Amino acid sequence: MNILVTGAAGFIGSHCTKRLIEDGHTVLGLDNLHQGHRSAFEAASAAAPDRATLLEASLLDTDAIAAALKQHQIEAVINFAAYALVGESVEQPLLYYKNNTAGVVSLLEAMQAAGVKRLVHSSTCATYGEPDDVPIVETEKQQPINPYGWSKLFNERVFLDYAAANSDFAFAALRYFNVAGSASDGTIGEDHNPETHLIPILLQAAFGKREKAYIFGDDYPTPDGTCIRDYVHVEDLVDAHVTVLHKMQPGDRRIYNLGTGNGLSVKQIIDAVKQVTGVDFPVEIADRRPGDPPELWANPSKIKAELDWQAKYTTPEPMVEHAWKWFQANPDGYKD
């Protein structure tokens, strides 16, 4: 199959590219390289570089995307392209609505022009805001608390309206929280600037690139006093996207939460990082961050029941081990 992967030079997009190439598909990658790395895409497609092409463009480049979809005879799209820093979205909301929301409209316009009718969209559990019940099911009310969450919720509304007007268009929106780990073979990994994800931050502390790590509040009403969050291995996340793509039929409208079904506390993640790395780096207790709920994790039972998908990695240790393997070999990240 010929597949467009947007955000293909980013963390999740590069891992999806790797999986698709290894499965025998042909990938057209789209990335503006604002946060992505060309070398990540190249490493991801190393098994068959002749079946991978990177188009350096924005989601807003409608005509360029439409032309590329036609040229490469694309049959389906997996969309990972989005800005995803919550704090930045509060400071620069128009940036997020333009890139994430208007960008998806542009992508759909390009798909329509090229006759591409299947889309798997990487959404977020940030669309739920602060849910009434945990674990979170797909029918939980959606009330985002920041522009990032709203920009992604607007995407889902656009898909529903577009599908209502185009009965043969099929889409899936996959909602998840924290993505962790790296390729299990160590060939590609996670490299953000700035880094905001907990596990790579802790690995930087273990490697000596940070003086210490912080726990923002240890007095929450949870078993160990620290916040509980949902973590899913990047390879499991990619597997879910690929599984959904292959199961889609014309007219499908699928919404799924992704996760392991179990939340992990900040202390549990810190303990796993110390165990895997063998480094007892300093950890300091800091004040709570405003707006941090005690628990946020998803119930993935719907995708299990409908598609028989479930996460392979359900404990933190493999996520940390794979991330540490790549980080040790690439302490400064990708060269570009």
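Description of the structure in this document. (Residues numbered from 1 in each chain as written. Predicted model: local features only at pLDDT ≥ 70, side-chain atom pairs only at ≥ 80, totals over all residues. Heavy atoms only, no water.)

## Description of the side chain of Thr124
Along the chain, Thr124 falls in the loop between strand S5 (118–122) and helix H6 (147–165). A polar contact of 2.9 Å, which involves the side chain of Thr124, links it to the backbone nitrogen of Ala126. Discounting chain neighbours no more than four positions away, the residues touching Thr124 are Tyr148, Lys152, Leu174, Arg175 and Tyr176. (Helix = DSSP H or I, 4+ residues; strand = E, 2+ residues; numbered from the N terminus. Polar contact = N/O pair within 3.5 Å; in protein donor to acceptor, adjacent residues only side chain to side chain. Contact = heavy atoms within 4.5 Å.)

## Some details on the sheet that holds strand S1 (residues 2–6)
Read from one edge to the other, the open sheet built from seven strands follows the order S3-S2-S1-S4-S5-S6-S10, with strand pairing classed as parallel. If you trace the sheet from one side to the other, it starts and ends with strand S3 (52–56) and strand S10 (253–257), each paired once. Averaged over neighbouring strand pairs, the angle between their axes works out to 15° when direction is ignored. In this structure, S1 lies alongside strand S2 (residues 26–31), joined through five bridges in parallel fashion. In the sheet register, Leu4 faces S2, and the bridge partner there is Leu28. Each of S1, S2, S3 and strand S4 (76–79) touches helix H1 (residues 11–22); the most contacted strand, S1, lies at about 165° to it. (Pairing = 2+ DSSP bridges. Axes fitted to C-alpha atoms, helices over the stretch in contact; angles between N-to-C directions.)

## Looking at the packing of aromatic side chains
By the definition in use, this model includes 12 aromatic pairs. A ring pair is formed by Tyr162 and Phe169, whose centres lie 4.8 Å apart and whose planes are at 80°; its orientation type is edge-to-face. Tyr162 gets classed as buried once you look at its relative accessible area, which sits at 17%. Residue Phe169 is classed as buried on the basis of its relative accessible area, which comes to 3%. Note on Tyr214 and Phe216: the rings are 6.2 Å apart at their centroids and 25° apart in plane angle, and the pair reads as stacked. By way of ring pairs, the aromatic residues Phe159, Tyr162, Phe169 and Phe171 are connected into one cluster. Positioned above the aromatic ring of Phe281, the side-chain terminus of Lys274 is 5.3 Å from the ring centre. One cation-aromatic arrangement involves Arg288 over Tyr220; the distance from NZ or CZ to the ring centre is 3.9 Å. (Phe/Tyr/Trp six-rings, centres within 6.5 Å; stacked < 30°, edge-to-face > 60°. Buried < 20%, exposed > 50% of the residue type's maximum accessible area, 1.4 Å probe, protein only. Lys NZ or Arg CZ within 6 Å of the ring centre and 35° of its normal.)

## Considerations on the nonpolar core
Residues Ile12, Leu20, Ile78, Val244 and Leu258 are the most contacted members of the largest nonpolar core, which totals 38 residues. Elements supplying a minimum of two residues to this core: S1, H1, S3, S4, strand S6 (170–175), helix H8 (234–247) and helix H10 (301–307). Ranked by residue count, the leading element in this core is H8, at seven residues. Here Ile12 is in contact with Phe80, Tyr176, Val179, Val234, Leu237 and Val238, once residues within four sequence places are set aside. In this structure, Leu28, Leu108, Met111 and Ala163 belong to the second largest nonpolar core, which totals 26 residues. (Core = buried A, V, L, I, M, F, W, Y, C linked by side-chain atoms within 4.5 Å.)

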